[in-house]
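# Close look at the chain arrangement
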Amino acid sequence: MASVTFDHVSKRFSGGTLAVKDFSLDVKDTEFMVLVGPSGCGKSTCLRMLAGLEEISDGEIRIGDRVVNEVPPRDRDIAMVFQSYALYPHMTVFDNLAFGLRMRGTSREDIERRVNTAAGILELGPLLKRKPRQLSGGQRQRVALGRAIVREPQAFLLDEPLSNLDAKLRVQTRIELQKQHRALHATFIYVTHDQVEAMTMGDRIAVMRDGVLQQVAPPREIYDHPANMYVAGFIGSPTMNFIPVTIQGSKAKASGFEVELPTAPGVERAVLGVRPEAMTDNLRGAAAQSASTNGQGALDMKVEVTEILGADQFVYGIVGQDSAIARVDPQLKVDPGDRLRLLLDTRRLHLFDPASGEAIL
Ligand SMILES: Nc1ncnc2c1ncn2[C@@H]1O[C@H](COP(=O)(O)OP(=O)(O)OP(=O)(O)O)[C@@H](O)[C@H]1O
Ligand SMILES: [Mg+2]
């Protein structure tokens, strides 16, 4: 296994599109790194450059200590799993797994050993004689991963491998993949546009926008300390509330409430970021105490829409003149048109520069 390094990598396609801009990322040996961002932000292009399927316009890519800019794909010793599994329909699962190895002239015994090991890890043993059309979507996904495993690569590159599965199977396979990552003790670079996949699977998440890396950090840190409004808005569902405020000293004034910030940010205007769970009817523990002692952070919402999701209830409405989303007790009876008293968890507020979007606090 190996580390993977993107060192100031850019990609300009022949048509002129600058798909990846000055991209630098260190993926550690055995790390599960998730590249996440909306469609067209350059995720696949990054993977394809790493796999050698796309030339690099600028910068350097290293696998371990080896610069691979000029190394042909088959000599890079990495395996890629695509969204379309591209299994050979006329071949059995065994032959699908063995095909690449045969092409490389691997010995029969070695093929036998590697396929059986992969089939063991992925629980494909009973399916080895079947053809792809006799498999479920999840089983096909495992065969596609198996084809990567038998190559015993330095790193696994996975490009949206779950997007063809239905919601339930996607959750199952997501957990499977994490187990497999641990069992293989391998470097995984996983591309998705789904922030839930990113949050749940990644040791670290790299958030991209328009070919530019925005932030790289473990999921918790990305969620609690987003570097800018873009990351803050992309990660988390429902999305973070962004409320324009004017600042006086350490006080932030919105159209419908005011709140004491932990420090004076030294700006006049800002955007207050509040996750729905930090705008709620039932603050607990330290948060509740701090809200009640300083009498700050209480607000009224005019309720427009409510959504009960079993464990959660989200309330969409207007605070002052700003739209907002709150997460409240699912048992709370609240209807459109109601006025709802809410509290802010003042320990979990974010503040952003309105012009640059960068986090100030
Ligand atoms: N071969 C190509 N020629 C020209 N432009 C391309 C080519 N491949 C990709 N692009 C452009 O580069 C940008 C990044 O594409 P890329 O496929 O890396 O996005 P992505 O993040 O993987 O998106 P998705 O989530 O839709 O798969 C897009 O604007 C795309 O149109
Ligand atoms: Mg893609």
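Residues numbered from 1 in each chain as written. Chains lettered and ligands numbered in written order. Predicted model: local features only at pLDDT ≥ 70, side-chain atom pairs only at ≥ 80, totals over all residues.

## A closer look at the overall build of the chain
We apply this condition: The numbering of helices and of strands both runs from the N terminus, where a helix is a DSSP run of H or I of at least 4 residues and a strand a run of E of at least 2. Buried residues are those with 20 or more other C-beta atoms within 10 Å of their own C-beta, exposed residues have 12 or fewer, and partly exposed residues lie in between; C-beta atoms are placed from the backbone.
The number of helices and strands found in the chain is nine helices and 20 strands. Seen along its three principal axes, the alpha-carbon backbone of the chain occupies a region of about 75 × 45 × 35 Å. Looking at the chain residue by residue over its 361 residues, the buried ones come to 39%.

## Some words on the sheet that holds strand 9 (residues 204-209)
Our working definition: The criterion for strand pairing is that DSSP finds at least two bridges linking the strands in question. Fitted lines through C-alpha atoms give the axes, limited to the stretch in contact for helices. The angle between two N-to-C directions lies from 0 to 180 degrees.
Ordered by their spatial adjacency, six strands build an open sheet running 6-7-8-3-9-10, and the pairing between neighbours is mixed. Edge positions in the sheet fall to strand 6 (78-81) and strand 10 (212-217), since each has one partner strand and no second. Within the sheet, the average angular offset between the axes of one strand and its neighbour, ignoring direction, is 15°.

## Topic: the environment of Lys131
Keep this limit in mind: Whether two residues are in contact is decided by their C-beta atoms, placed from the backbone, lying within 7 Å.
Within the fold, Lys131 resides in the loop between helix 3 (108-122) and helix 4 (137-149). Sequence spacing of Lys131 and Val93 is 38 residues, and the spatial spacing of their C-alpha atoms is 5.9 Å. In this structure Lys131 touches Pro89 and Thr92, once residues within four positions along its chain are discounted.

## Structural notes on the domain arrangement of the chain
What counts here: Domain start and stop positions are those given by an automatic or database domain assignment.
On domain assignment, one finds that the chain holds domain 1 (4-228) and domain 2 (238-352). Each of domain 1 and domain 2 was reduced to a C-alpha centroid, and the two centroids are 39 Å apart.

## Some points on the sheet that holds strand 19 (residues 339-344)
The strand order 15-19-16-17-18 describes an open sheet built from five strands, whose pairing is antiparallel. Here the strands that pair on one side only, and so sit at the sheet edges, are strand 15 (279-280) and strand 18 (322-328).

## Here's the deal with the pairing of strand 17 (residues 313-319)
Side-chain alternation along strand 17 places Gln313, Val315, Gly317 and Val319 on a buried face and Phe314, Tyr316 and Ile318 on a face that remains uncovered. The pairing of strand 16 (residues 298-308) with strand 17 spans six bridges and is antiparallel. Looking across to strand 17, one finds that Lys302 is bridged to Ile318. A loop of four residues connects strand 16 with strand 17, the two strands running antiparallel in sequence, and Gly310 in this loop sits at a positive phi of about 85°. Inspection of the sheet shows strand 17 paired to strand 18 by seven bridges, in the antiparallel sense. When the bridges of strand 18 are listed, Gln313 appears paired with Val328. Linking strand 17 to strand 18, which pair antiparallel, is a turn of two residues; within it Gly320 sits at a positive phi near 65°.

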